[in-house]
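Fold and geometry: a report
What follows is each chain in one-letter form.
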Amino acid sequence: MKMNLKKTLLIGITTILCATSLASCGSVKLQSGENGLYDKKNDISYSHASPVYEATSLLKEYGKLAVTDSESYTLFTIPGADPTEMLATEDFNIIYASSMDMPTLSEMAPSVLRICKNSIETTRLDDADAVAALVKEYTEGVSIPYPGTTPVRSYKVRFESLRYAGFYYTLTYVEYAEDLIIDETNHGKYFLYNAFDKRCVPVGDGIHAALDLTQPEA
């Protein structure tokens, strides 16, 4: 009798926990609709973030994002973010509640830059002043048409913020062997590029200086 009562109580507690902690029960399902990606159970609409936002890691499974009747993505919570505000797909893409805005690169105030080759970190720039200088150059600089010539170096660069620990702001760094001159204007050799927004901005040699150029290119 006592054992049955204990078992009943445990089942009841588990049921309550599942109802109040959707992440642990994995019961949330998002579907595309007029209001974006809609979570009917919690009455929340989500939007896809720009591809420049990339989850730093995937924590607990939260639910599914239905693409078609037969195709779906697993959704995960991310560090430092409430799942009702922000989630990540298994591909590390970010979705966020439509009631909020994603922070700009400046608002993120990143203090670390992870320089990656083939998505593997090769160099870390953790000089906060140098990272802030790169952010200012990119956000305040004038974009130019993306050069059609092949760069001598190309890296994925992930700006990391303590303020927003759940995601990076990811751009592409390209470097040319010679200065790029357009209409008699010298734009230098070093650029940060956002392929999604087609924004290509000349920057200083901060990333170049941080690279270990004694190692051969992969």
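Residues numbered from 1 in each chain as written. Predicted model: local features only at pLDDT ≥ 70, side-chain atom pairs only at ≥ 80, totals over all residues. Heavy atoms only, no water.

Some thoughts on the packing of aromatic side chains
A complete count under the given rule lists 5 aromatic pairs for this structure. Consider the rings of Tyr53 and Tyr169, whose centres lie 5.3 Å apart with planes at 80°: the pair is edge-to-face. Here Tyr53, found in strand β4 (residues 53-55), pairs with Tyr169, found in strand β12 (residues 167-175); they are 116 residues apart in sequence, far enough to count as distant. Of the two residues examined, Tyr53 and Tyr169, each falls in the buried class. Seen from their ring centres, Tyr146 and Tyr193 are 4.0 Å apart, and the 25° between their planes marks the pair as stacked. Placement of the pair is Tyr146 in the loop between α4 (128-140) and β11 (153-160) and Tyr193 in strand β15 (residues 190-194), with a sequence separation of 47 residues. (Phe/Tyr/Trp six-rings, centres within 6.5 Å; stacked < 30°, edge-to-face > 60°. Helix = DSSP H or I, 4+ residues; strand = E, 2+ residues; numbered from the N terminus. Buried < 20%, exposed > 50% of the residue type's maximum accessible area, 1.4 Å probe, protein only.)

Overview of the pairing of strand β6 (residues 72-76)
The sheet contact formed by strand β5 (residues 61-66) and β6 spans 5 bridges and is antiparallel. Considered in β6, the bridge of Ala66 is made with Ser72. The antiparallel pairing of β5 with β6 creates a hairpin that spans 5 residues between the two strands. Where β6 lies against strand β7 (residues 86-89), 2 bridges are found, and the strand directions are antiparallel. Looking across to β7, one finds that Leu75 is bridged to Thr89. (Pairing = 2+ DSSP bridges.)

Regarding unusual backbone geometry
Located in the positive-phi region is Ala109, a residue other than glycine, with phi close to 50°. Topologically, Ala109 is positioned in the loop between α3 (105-108) and β9 (112-117). Positive phi, normally seen in glycine, also occurs at Asn118, with a value near 55°. Mapped onto the elements, Asn118 comes out in the loop between β9 and β10 (120-125).

Quick notes on the environment of Thr104
Tracing the sequence through the fold places Thr104 in the loop between β8 (94-97) and α3. Under the relative-accessibility criterion, Thr104 is labelled partly exposed at 39%. Measuring from C-alpha to C-alpha, the distance between Thr104 and Thr139 comes to 9.1 Å, with 35 residues separating the pair along the chain.

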